[in-house]
Amino acid sequence: MAKILLVEDEPDFTVLITALLASDHHTVEAVDRGEAAVDLLRHYEFDCLILDWNLPGMSGIEVCKHFREGGGRTPILMLTSRSHVDEKSAGLDAGADDYLTKPFEVKELSARIRALLRRPTAFSGKNLRAGGLEMDVANHTVIRGTEVIQLLPKEFALLEFFLRHTNQVFSPDTLIDRVWLAGEEASPETIRTYIKRLRKKLDVEGQPSLFSTVHGVGYKFDSQA
Ligand code: CA
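From a predicted model like this one, the values you see are computed outputs, not experimental measurements.

What counts, and where the lines are drawn
- Residues numbered from 1 in each chain as written.
- Predicted model: local features only at pLDDT ≥ 70, side-chain atom pairs only at ≥ 80, totals over all residues.
- Heavy atoms only, no water.
- Donors = N, O, S within 2.8 Å, 3.2 Å for Na, K, Ca; no water.
- Buried < 20%, exposed > 50% of the residue type's maximum accessible area, 1.4 Å probe, protein only.
- Helix = DSSP H or I, 4+ residues; strand = E, 2+ residues; numbered from the N terminus.
- Contact = heavy atoms within 4.5 Å.
- Salt bridge = Lys/Arg side-chain N within 4 Å of Asp/Glu carboxyl O.
- Pairing = 2+ DSSP bridges.
- Axes fitted to C-alpha atoms, helices over the stretch in contact; angles between N-to-C directions.
- Domains from an automatic or database assignment.
- Buried area = accessible area lost by both parts, 1.4 Å probe.

1. Thoughts on the coordination of the calcium ion
Protein ligation of the calcium ion involves D9 (OD), E10 (OE), D52 (OD) and N54 (O), the donor distances falling in the range 2.1 to 2.6 Å. D9 sits in the partly exposed class, given a relative accessible area of 27%. Overall, the relative accessible area of 34% leaves N54 in the partly exposed class.

2. Here we look at the side chain of D52
Relative to the elements of secondary structure, D52 occurs in strand 3 (residues 48-52). With relative accessibility at 2%, the residue D52 sits in the buried group. Discounting chain neighbours no more than four positions away, the residues touching D52 are V7, E8, D9, E10, G60, L79 and K102.

3. Description of the pattern of salt bridges
Any two side chains of opposite charge can pair, on the condition that their charged atoms come close. Applying the stated criterion across every chain yields a total of 17 salt bridges. The residue E108 makes a salt bridge to R112 at a minimum N-O spacing of 2.7 Å. Placement of the pair is E108 and R112 together in helix 5 (residues 106-118), with a separation of four residues, close to one helical turn. Judged by its relative accessible area of 32%, E108 falls in the partly exposed class. A cluster of three or more residues bridged by salt bridges with shared partners is formed by E8, E10, D52 and K102.

4. Concerning the sheet that holds strand 6 (residues 127-130)
With antiparallel pairing, four strands are arranged side by side in an open sheet as 6-7-8-9. Bordering the open sheet on either side are strand 6 and strand 9 (147-149), each of which pairs with just one other strand. This sheet shows a mean twist of 25° between the axes of neighbouring strands, independent of strand direction. Summarising the sheet, strand 8 (residues 141-144) and strand 9 pair through three bridges and their orientation is antiparallel. Opposite I143, over in strand 9, you have V148 as the bridge partner.

5. Quick notes on the domain arrangement of the protein
Per the domain assignment, the segments making up the protein are domain 1 (3-117) and domain 2 (122-221). Put simply, the middle of domain 1 and the middle of domain 2, counted by C-alpha atoms, are 29 Å apart. Listed as interface residues are 12 residues of domain 1 and, on the opposing side, 13 residues of domain 2. Note on domain 1 versus domain 2: buried area summed over both sides is about 1,000 Å², and carbon and sulfur give 44% of it. Sorting the residues of domain 1 by area buried against domain 2 places R42, H43 and R73 first, and these three jointly supply 53% of that buried surface. Our enumeration of links across domain 1 and domain 2 arrives at one salt bridge.

Rendered as structure tokens:
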């Protein structure tokens with residue numbers, strides 16, 4: 001069973017695809033705008049994305065590009081009514097994993113989704129490695145060598161975000177926006193405290209910290225540290 005985000009503006013397709021995926025025992029979240037998808041992807045993890053190419057406002061391909069540029073690794077299936085080869089390659093260039101032209105057989109969609117979900121780590125991002133750490137996202141564990149490092153849930157979530165976006169500087173406000181849920185109390189001081197705790201738990205004595213502070217800007221995780 002997988003959690004799938006469907007972005008489709010035609011209600012008939014939404015109903016059809018949602019019913020099909022539900023009969024395959026998947027959980028489907030459906031939105032009809034690219035902007036709404038981007039917003040959800042900021043806060044939630046999905047196992048697979050189905051993006052319609054033609055959407056009002058932000059297009060499917062723009063959502064795909066934006067998501068990949070932000071470090072998102074979830075497999076993406078693009079739906080389109082176009083069948084030109086150059087547009088297919090544009091979709092793949094933007095980071096889509098597969099491509100299905102409308103109209104399609106429901107069995108075909110079902111098979112494509114199964115194939116994407118079976119795909120090992122490359123884009124599914126279950127295990128993240130950087131800075132000598134290995135994170136198993138599914139099992140909520142972090143190890144260095146043979147040592148298991150105990151993290152509280154929010155420490156884990158913050159570290160996961162940094163491991164997905166290594167060597168990029170994020171302001172405290174951005175980190176709050178991306179890692180904390182709406183309604184959860186957090187301030188730049190909260191972030192400072194969490195970074196301090198992560199350093200204490202993760203840094204190796206005598207070696208540079210995994211987290212750099214960029215004064216007046218924010219923090220980054222150094223994959224080479
Ligand atoms: Ca459409």
